[in-house]
Amino acid sequence: MLLPYLISLVSEGKMATYEEEVKVIIKALQDEPDFMAVLENHKVTTEEKISLLETIFTGKVENSILGLLVLLVKKGRQSEMINVLEGFLERIKKESGIVKASVTSAVALKESQVEAIKAKLEASTKSKIELETIVDEGIIAGLVIRVGDKVVDASIKGEMQALKKQLSKLRPA
C-alpha cells in the first residue's frame, strides 16, 4: 500500500534532498520518544496528529515527505513511521546504486584500512559502497565482510567453525 507512494517519491529526482530530510526526521523521532508517544496515543485524534506534523514540518521538509508522514498517520501506521522511513532510505540507496556493506574485525581498524577495504569493494562490485565497521572481539582475528547478502568470513573463528564442521564429518575407519 505504501510501496507505490515510496516509489513515486524516489522517481521524482529529489533523492539527495529526501535522503537528508528523512535522516533528520528519523533522528528527531528517535531522540524525542515523547513525540512518538503523542503520535501513538489513542486519545489524540488523527486530525490533531496531522496538525502537529504539519505545524512541525511544513516549510522544513519537502511536501512529499510531509505527505508520507500524514499518510502513515491516516492509515494508523504511526508506530511504524521510523521503520518505513528507514526502508525509504534503503530504497533511495538502491536507486542511487549504493550498496551497504559491513566489515567486522576483532580490533578497531585504522581509517586507512577502512578506506582500502572500501576501495577494493567498490572496484569489485562496480558500485558505491556505504561501509559500516563493527568491532567484535569474538572473531579472534581476521575480518568478516558482508556486501548485500554475500559474506566473506576470513576470521579465525570462522576458520575454526569450518574445521570443526569438517572434523565432525570424519568417521573412524
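Above this text you will find the structure in question.
Residues numbered from 1 in each chain as written. Predicted model: local features only at pLDDT ≥ 70, side-chain atom pairs only at ≥ 80, totals over all residues. Heavy atoms only, no water.

Judged from the eight bridges that link them, strand β1 (residues 98–105) and strand β2 (residues 128–135) form a sheet pairing that is parallel. In the sheet register, Thr 104 faces β2, and the bridge partner there is Ile 134. The parallel pair β1 and β2, bridged by helix α7 (residues 111–125), forms a crossover whose chirality is right-handed. Bridge count between β1 and strand β3 (residues 142–147): five bridges; the pairing is antiparallel. If you follow Ser 102 over to β3, its bridge partner there is Arg 146. (Pairing = 2+ DSSP bridges. Helix = DSSP H or I, 4+ residues; strand = E, 2+ residues; numbered from the N terminus. Right-handed = clockwise from strand over helix to strand, strands pointing away.)

Quick look at unusual backbone geometry now. Phi is positive for Lys 126, which is not a glycine, with a value near 55°. Within the secondary structure, Lys 126 sits in the loop between α7 and β2. We classify Lys 126 as exposed; its relative accessible area is 74%. The phi angle at Ile 140 is positive, at roughly 70°, despite the residue not being glycine. Residue placement: Ile 140 occurs in the loop between β2 and β3. Using a relative accessible area of 48% as the deciding quantity, one classes Ile 140 as partly exposed. (Buried < 20%, exposed > 50% of the residue type's maximum accessible area, 1.4 Å probe, protein only.)

Angle between the axes and distance between the axes: these two values describe a pair of packed helices. Between helix α5 (residues 63–74) and helix α6 (residues 81–95), the shortest axis-to-axis distance is 11 Å and the interhelical angle comes to 140°. One element, α5, and the other, α6, form an angle in the oblique class. Relative to α6, the crossing made by α5 is right-handed. Contacts between α5 and α6 involve Ile 65, Leu 68, Leu 69, Leu 72 and Val 73 on the former and, on the latter, Met 81, Val 84, Leu 85 and Phe 88. Class assignment of the residues belonging to the contact of α5 with α6 gives a composition of nine nonpolar, no polar and no charged. (Axes fitted to C-alpha atoms, helices over the stretch in contact; angles between N-to-C directions. Parallel < 35°, antiparallel > 145°, perpendicular 65-115°, else oblique. Left-handed = near helix turned anticlockwise from the far one by under 90°. Contact = heavy atoms within 4.5 Å. Nonpolar A, V, L, I, M, F, W, Y, C, P; charged D, E, K, R; others polar.)

All right, on to the pattern of salt bridges then. Under the defined criterion, the tally for this structure stands at four salt bridges. Across the pair Lys 23 and Glu 19 runs a salt bridge whose closest N-O atoms are separated by 3.4 Å. Remark: Glu 19 and Lys 23 occur in helix α2 (residues 15–31); sequence separation between them is four residues, near one turn of the helix. Among the residues examined, Lys 23 registers a relative accessible area of 36% and is labelled partly exposed. (Salt bridge = Lys/Arg side-chain N within 4 Å of Asp/Glu carboxyl O.)

So, on to the nonpolar core. Generally speaking, nonpolar side chains in soluble globular proteins are found buried as a group. Counting 26 residues, the largest nonpolar core has Ile 25, Leu 29, Leu 53, Phe 57, Met 81 and Leu 85 as the members making the most contacts within it. If we ignore the near neighbours within four places in the chain, the residues touching Leu 85 are Val 22, Ile 25, Ile 26, Leu 29, Leu 68 and Leu 69. Residues Val 103, Leu 121, Ile 129 and Val 147 belong to the second largest nonpolar core, which totals nine residues. (Core = buried A, V, L, I, M, F, W, Y, C linked by side-chain atoms within 4.5 Å.)

Inspection of the secondary structure assignment puts Val 152 in strand β4 (residues 150–155). Under the relative-accessibility criterion, Val 152 is labelled exposed at 53%. A sequence separation of 47 residues divides Val 152 from Ser 105, and the C-alpha atoms of the two residues are 12 Å apart. Among all residues touching Val 152, those that are not within four sequence positions of it are Leu 143, Val 144 and Ile 145.

This paragraph deals with the sheet that holds β1. Pairing is mixed in the open sheet, where four strands are placed in the order β2-β1-β3-β4. Here the strands that pair on one side only, and so sit at the sheet edges, are β2 and β4. Adjacent strand axes in the sheet meet at a mean angle of 15° when their direction is disregarded.

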